[in-house]
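# Overview (structure and organization)
So the chains spell out like this:
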Amino acid sequence: MVFITKVDLAMAMDIWTNQKEIFLNSKIKRAIKLFVGNVNRRSKRAIFTIYVSDPKNMISSTLAKQISLGRVLNVKNIIKRSNVKVKHIRMNLQKEINTNNPFGNIIIGAYIP
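A brief structural summary.

The rules behind each value
- Residues numbered from 1 in each chain as written.
- Predicted model: local features only at pLDDT ≥ 70, side-chain atom pairs only at ≥ 80, totals over all residues.
- Heavy atoms only, no water.
- Axes fitted to C-alpha atoms, helices over the stretch in contact; angles between N-to-C directions.
- Helix = DSSP H or I, 4+ residues; strand = E, 2+ residues; numbered from the N terminus.
- Parallel < 35°, antiparallel > 145°, perpendicular 65-115°, else oblique.
- Left-handed = near helix turned anticlockwise from the far one by under 90°.
- Contact = heavy atoms within 4.5 Å.
- Nonpolar A, V, L, I, M, F, W, Y, C, P; charged D, E, K, R; others polar.
- Phe/Tyr/Trp six-rings, centres within 6.5 Å; stacked < 30°, edge-to-face > 60°.
- Buried < 20%, exposed > 50% of the residue type's maximum accessible area, 1.4 Å probe, protein only.

Turning our eyes to something else, we now look at the packing of helix α1 (residues 26–42) against helix α2 (residues 61–80). At a minimum axis distance of 9 Å, the contact between α1 and α2 shows a crossing angle of 50°. Regarding the angle of α1 to α2, the classification is oblique. Here the hand of the crossing between α1 and α2 comes out right-handed. Packed against α1, whose contacting residues are K29, I32, K33 and V36, the element α2 presents V75, I78 and I79 at the interface. The residue inventory of the contact of α1 with α2, partitioned by class, reads five nonpolar, no polar and two charged.

Looking now at the packing of aromatic side chains. The relative placement of two aromatic rings is captured by the distance of their centres and the angle of their planes. The full count for this structure, using the stated rule, is one aromatic pair. Look at F35 and F48: their rings are 6.5 Å apart centre to centre, the planes differ by 75°, and that puts the pair in the edge-to-face class. Here F48 lies in strand β3 (residues 47–52) and F35 lies in helix α1, a separation of 13 residues in the sequence. Of the two residues examined, F35 and F48, each falls in the buried class.

Okay, structure coming up:
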């Protein structure tokens, strides 16, 4: 599932994932590219931050962190391929996200300074 929300100059996209899914399917990739394109049309100075929540039902926390890291890097590479400068992409693995999805989710936040 893909949820896109927009609030004034700050925009966010929430991506719900399946259990052990690291690589995103083409539908989600297109939604990310569309989101990034819409933000870039507003301003080339936009800063994207990727947040991730760990899957809850994993065998170990190490495996959960590996899946989360893989997801974040996958999203980062999709954003980077959308002509966004690397210095405008941030990843946050420390902040805990409250979610009802036991398989974890990814939030892409965009802020125009």
